[in-house]
Amino acid sequence: MSEATARAFPNIALVKYWGKRDARLILPAAGSLSLTLDAFPTTTTVRLDPDAATDSFTLNGAPGAEVPTQRVTRFLDVVRELAGSTSHARVDSLSEIPTDAGLASSAAGFAALAVAASAAYGLDLDASALSRLARRGSGSAARSIVAGLAVWHAGDDAQSYAEGVDGPELRMVILTLDRSAKRVSSREAMVRTAATSPFYTGWVTSTASTLEEALAACRAGDFTALGLLTELHALRMHALIQSADPPIRYLKPASIAAFDRVEELRAAGLECYATADAGPNVVVIAKPDDAAQVADELAVLGEARVVGPGPGATLIADAVGPTRGAAG
Ligand code: PMV
């Protein structure tokens, strides 16, 4: 096959990934746990073009910016090496993440690209090999290969992939509080944190044990234990990031207010727990029956949208962009 299209969804971590032990292979310093969502997919078509001198990349119909295009090319270099190919490709991507939703697009983006590119270049990869490949584009993309709850293992290149885990039924409320672009990318911030925070070693060792406890909570179907660990781990990650030199602060007053509100809702008997990625927006986990009420309660703070567990990355039939032969 010289053309393939795939779709993938973003994921939100309950046990966070923050820090690499190998930047080239994107091996995480510790494992992590996430939920792949059922909203905001990215759909990507990869078409091999043996006559092209370079790769090309469009996002939502417009030529990709320089840095994302370089990341796509570097990723395709990994695929070409695996496939023993020198052919360049045209990559057309459609992201349904509203640019101002405050959700990272790289996880869905590189998971879709991994599935589409490996098929277009004729590689026959199983789920763990696809997850290892997606990891090379963006660490968190390893988890978007997998449906629902996913654990991404630390370890060497062969060991570091994501796989599905069973756990309690849950929903996420995406609370959009601040629509401005973040000032420091997670990639750069991770490097700075690892290089300068006196707490980094403690973070790595404690994350490994938090992950074990979270997996035990999943096995037991224990929503409460998983929720408590999720909130604890998010606050630890943000404390760690703030301890970098120079410090980085992603949480804004509105984010802190959301964490406070979640604590109040719990005290009032509505069980929910907050987390936040490398930005000011907050994601709240709730039981399926409570999610709509939690979203209602949080809507005074910002736009609140309930999302659920979604599918892993898959090949689909509908191509993005011009069909072959029609390309200009
Ligand atoms: O994969 P990256 O480089 O986008 O890093 C993701 C980092 C966090 O979203 C903050 C945590 C996580 O585990 O997703």
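Every chain begins its residue count from 1, and numbering advances along the sequence as written. Confidence filtering applies because this is a predicted model: local features only for residues at pLDDT of at least 70, side-chain atom pairs given and counted only at 80 or more, and all residues used for totals across whole chains, interfaces and linings. Side-chain descriptors were evaluated using all non-hydrogen atoms of the structure, hydrogens and water having been removed beforehand.

Visitor: I tried to follow the nonpolar core on my own but got confused; where do I start?
Guide: Considering soluble globular proteins, one finds that nonpolar side chains tend to be buried as a cluster. In terms of nonpolar packing, the biggest core is built from 51 residues, with Trp18, Val46, Leu113, Ile145 and Tyr250 touching the most fellow members. Working definition: helices are DSSP H or I runs of at least four residues, strands are E runs of at least two. Numbering for both runs from the N terminus. The leading source of residues in this core is helix 2 (residues 106-120), at 10 residues. Throughout, a residue-residue contact means that at least one pair of heavy atoms, one from each residue, lies within 4.5 Å. Not counting residues up to four positions away in its chain, the partners in contact with Leu113 are Thr44, Val46, Val72, Phe75, Val91 and Ser118. Here the nonpolar core consists of buried residues drawn from Ala, Val, Leu, Ile, Met, Phe, Trp, Tyr and Cys, with membership extended through side-chain atoms lying within 4.5 Å. Summary of the burial criterion: residues with accessible area below 20% of their type's maximum are buried, those above 50% are exposed, and those between are partly exposed, where the area comes from a 1.4 Å probe applied to protein chains only. Counting 27 residues, the second-largest nonpolar core is a separate cluster that includes Val15, Leu211, Leu215 and Val283.

Visitor: Would you take a moment to explain the pairing of strand 7 (residues 56-59) for this structure?
Guide: Regular strands have side chains that alternate between both faces of the sheet. When strand 7 meets strand 9 (residues 88-95), the two strands line up parallel, connected through 4 bridges. Across the sheet, residue Thr58 finds its bridge partner in strand 9, namely Asp92. In this description, strands pair whenever DSSP reports at least two bridges between them. Of the strand pairs in this sheet, strand 7 and strand 8 (residues 62-63) are connected by 2 bridges, and their pairing is antiparallel. Bridging across to strand 8, Leu59 finds its partner in Ala62.

Visitor: Just to check I follow, could you spell out the packing of aromatic side chains for this structure?
Guide: In this description, an aromatic ring pair is defined by two values, namely the gap between the centres and the angle between the planes. Any pair of Phe, Tyr and Trp rings, taking the six-membered ring for Trp, is counted once the centres come within 6.5 Å. Such a pair is stacked with planes under 30 degrees apart, edge-to-face with planes over 60 apart, and tilted for the rest. Summed over all chains, the structure comprises 4 aromatic pairs. Note on Tyr17 and Trp152: the rings are 4.8 Å apart at their centroids and 70° apart in plane angle, and the pair reads as edge-to-face. With Tyr17 in the loop between strand 2 (11-15) and strand 3 (20-22) and Trp152 in strand 10 (residues 149-152), this residue pair connects regions lying 135 residues apart in the sequence. Plain terms: the ring middles of Trp18 and Tyr250 are 6.4 Å apart, the flat faces sit at 75° to each other, and that makes the pair edge-to-face. Linking Trp18 in the loop between strand 2 and strand 3 with Tyr250 in the loop between helix 7 (223-242) and helix 8 (253-267), this pair joins segments that are 232 residues apart in sequence.

Visitor: Would you take a moment to explain the site of the ligand for this structure?
Guide: We call a residue near a molecule or strand as soon as one heavy atom of that residue lies within 4 Å of the molecule or strand. The immediate surroundings of the ligand are formed by 14 residues, with Ala13, Tyr17, Ser138, Ser140 and Arg143 found nearest. In the environment of the ligand, an oxygen atom lies 2.9 Å from a nitrogen or oxygen atom belonging to the backbone of Tyr17. We define a polar contact as two N or O atoms separated by no more than 3.5 Å, with the added condition that, inside protein, one atom must be a possible hydrogen donor and the other a possible acceptor, whereas residues neighbouring each other in sequence contribute only through side-chain atom pairs. Measuring from an oxygen atom of the ligand, one finds a side-chain N or O atom of Arg143 at 2.7 Å. If the ligand stood free it would expose 380 Å²; the protein chains cover 94% of that surface. Side-chain classes follow a simple rule in which Ala, Val, Leu, Ile, Met, Phe, Trp, Tyr, Cys and Pro form the nonpolar group, Asp, Glu, Lys and Arg form the charged group, and the remainder, Gly included, forms the polar group. Residue composition of the shell around the ligand, grouped by class: 6 nonpolar, 5 polar and 3 charged. Lining the shell around the ligand are residues from two domains, each supplying at least three of them: domain 1 (3-167 + 312-318) and domain 2 (171-307). Method for areas: the Shrake-Rupley scheme with a 1.4 Å probe, in which residue coverage is limited to the protein chains shown. All domain edges in this entry derive from an automatic or database-based domain assignment.

Visitor: Please clarify how the pattern of salt bridges should be interpreted in this entry.
Guide: A side chain with one charge may pair with a side chain of the opposite charge, provided their charged atoms come close. By salt bridge we mean one thing: a side-chain nitrogen of Lys or Arg within 4 Å of a carboxyl oxygen of Asp or Glu. Applying the stated rule across the entire model yields 16 salt bridges. Here Asp92 makes a salt bridge to Arg47, at a shortest N to O gap of 2.8 Å. Of this pair, Asp92 sits in strand 9 while Arg47 sits in strand 6 (residues 42-49), and the two are 45 residues apart along the sequence. Taken individually, Asp92 and Arg47 each receive the classification buried, so the pair is uniform in this respect. The partner of Arg266 in a salt bridge is Glu231, with the nearest N and O atoms 2.8 Å apart. One end of the pair, Arg266, is in helix 8; the other, Glu231, is in helix 7, and 35 residues separate them in sequence.

Visitor: Could you clarify how one ought to interpret the sheet that holds strand 15 (residues 303-307) in this entry?
Guide: Strands in a sheet are paired, the pairing made by backbone hydrogen bonds, and the direction either parallel or antiparallel. The strand order 13-14-12-15 describes an open sheet built from 4 strands, whose pairing is antiparallel. Taken across any chain shown, the strands that pair with only one partner, and hence form the sheet edges, are strand 13 (272-275) and strand 15. Between one strand and the next, the sheet's axes are offset by a mean angle of 25°, whatever the strand orientation. Note: strand 12 (residues 171-176) against strand 14 (residues 282-286), 5 bridges, orientation antiparallel. Paired with Val173 across the strands is Val284, a residue of strand 14. Only the stretch in contact is used when fitting a helix axis, every axis being a line fitted to C-alpha atoms; angles between N-to-C directions are given from 0 to 180 degrees. Those strands touched by helix 8 are strand 12, strand 13 and strand 14, and its axis lies near 165° from that of strand 13. Docked against the sheet, helix 9 (residues 291-298) engages strand 12, strand 13, strand 14 and strand 15, running at close to 15° with respect to strand 12.

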